[in-house]
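Below are the chains, spelled out letter by letter.
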Amino acid sequence: MASLHLLFAISLLSLLSLSPSHASATKRVSLSLYYETLCPYCSNFIVNHLSRIFSNGLVSIVDLDLVPYGNARVSSDGSFICQHGANECLLNVIEACAIKEWPDVQEHFRFIHCVENLILGQKENEWQSCFQVAGLSSEAVVDCYNSGYGWQLELQYAAETDALRPPHQYVPWVVVDGKPLYEDYMNFEAHICGAYDGKLPKACKGHRQSISQEMKASRGDQKNPRKLAIAFVMWVLLLL
């Protein structure tokens, strides 16, 4: 009987000793940006802040989800009313089509970054030049827009935006792992680093400590049952 108890304890201890990083691949941090194309604050965030994750390597631990809808509304006849007018509705759809037709985040962000950079310079009417700048064919996106499919994508984005809990209060609305950052959205990199459980990229140096103490404490609470279980197994071993 003692040998059976010993075998059980050793087996349980082996399972418990597997850290999450060994048991499964570390999950990326979800980063969602709810925005509208002609919002100057959104354009500034995309061009001058969000773009950094592509140059500093932080994108390697992030699942980026761009949602170009923002404060738009769907009227009773199914048409869209955008905060900054018809041109914003058009560009929202164009960027929605870019995201759909070029699912590689490196590709669609390159195009969107170009468009938003033109908007910052009040040259949004030149948005079609971004196909060449991004090195991407315009055919798929133009077909998406002309066919009306882009407007269906916007309806999906409308539903996604309206379903946010808590509801978005303004744009840009930045959400990390399901938690809105509110006015602290410019500090999004620190929140990403604080939420990641794996080996941190160099870009996180100096970021994580500024906000992660509470997160670490929370994670410590989650690990306590595991530690207690290991202690119990060790106690069983001592009794054998």
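Look up a bit, the structure's there.
All of these numbers come straight from a predicted model, not from anything done at the bench.

Cut-offs applied
- Residues numbered from 1 in each chain as written.
- Predicted model: local features only at pLDDT ≥ 70, side-chain atom pairs only at ≥ 80, totals over all residues.
- Heavy atoms only, no water.
- Helix = DSSP H or I, 4+ residues; strand = E, 2+ residues; numbered from the N terminus.
- Buried < 20%, exposed > 50% of the residue type's maximum accessible area, 1.4 Å probe, protein only.
- Contact = heavy atoms within 4.5 Å.
- Axes fitted to C-alpha atoms, helices over the stretch in contact; angles between N-to-C directions.
- Parallel < 35°, antiparallel > 145°, perpendicular 65-115°, else oblique.
- Left-handed = near helix turned anticlockwise from the far one by under 90°.
- Nonpolar A, V, L, I, M, F, W, Y, C, P; charged D, E, K, R; others polar.
- Disulfide = S-S within 2.5 Å.

1. Focus on the environment of Val 74
Right, on to step 1. With respect to the helices, strands and loops of the structure, Val 74 is situated in strand E3 (residues 73-74).
Right, on to step 2. For Val 74, a relative accessible area of 37% puts it in the partly exposed group.
Right, on to step 3. Along the backbone, Val 74 and Leu 155 are 81 residues apart, and their C-alpha atoms lie at a distance of 8.0 Å.
Right, on to step 4. Look past the residues within four positions of Val 74 in its chain and what remains in contact with it is Tyr 69, Ser 79, Phe 80, Leu 155 and Ala 158.

2. Remarks on the packing of helix H5 (residues 86-101) against helix H6 (residues 105-120)
Right, on to step 1. Packing of H5 against H6 brings their axes to within 9 Å, and their N-to-C directions diverge by 160 degrees. Overall, the two elements H5 and H6 adopt an arrangement that is roughly antiparallel. Along this stretch, H5 crosses H6, giving a crossing that reads as right-handed. Between H5 and H6, the contacting residues are Leu 91, Ile 94, Glu 95, Ala 98 and Ile 99 on the first element and His 108, Phe 111, Ile 112, Val 115, Glu 116 and Ile 119 on the second.
Right, on to step 2. Per-class residue counts for the contact of H5 with H6 are eight nonpolar, one polar and two charged.

3. Regarding the state of the cysteines
Right, on to step 1. All told, the structure shown has four disulfides when counted by the stated rule.
Right, on to step 2. Disulfide pairing is shown between Cys 97 and Cys 144; the S-S distance is 2.1 Å. Since a negative S-S torsion denotes a left-handed disulfide, the Cys 97-Cys 144 link at about -75 degrees is left-handed. Here Cys 144 lies in helix H8 (residues 139-146) and Cys 97 lies in helix H5, a separation of 47 residues in the sequence.
Right, on to step 3. Note on Cys 144: relative accessible area 3%, which makes it buried.
Right, on to step 4. The disulfide bridge from Cys 114 ends at Cys 130, spanning 2.1 Å between sulfur atoms. Taking the sign of the S-S torsion, -80 degrees for the link of Cys 114 and Cys 130, the bridge is left-handed. One end of the pair, Cys 114, is in helix H6; the other, Cys 130, is in helix H7 (residues 130-134), with 16 residues separating them in the sequence. Exposure class is identical for Cys 114 and Cys 130. Each is buried.

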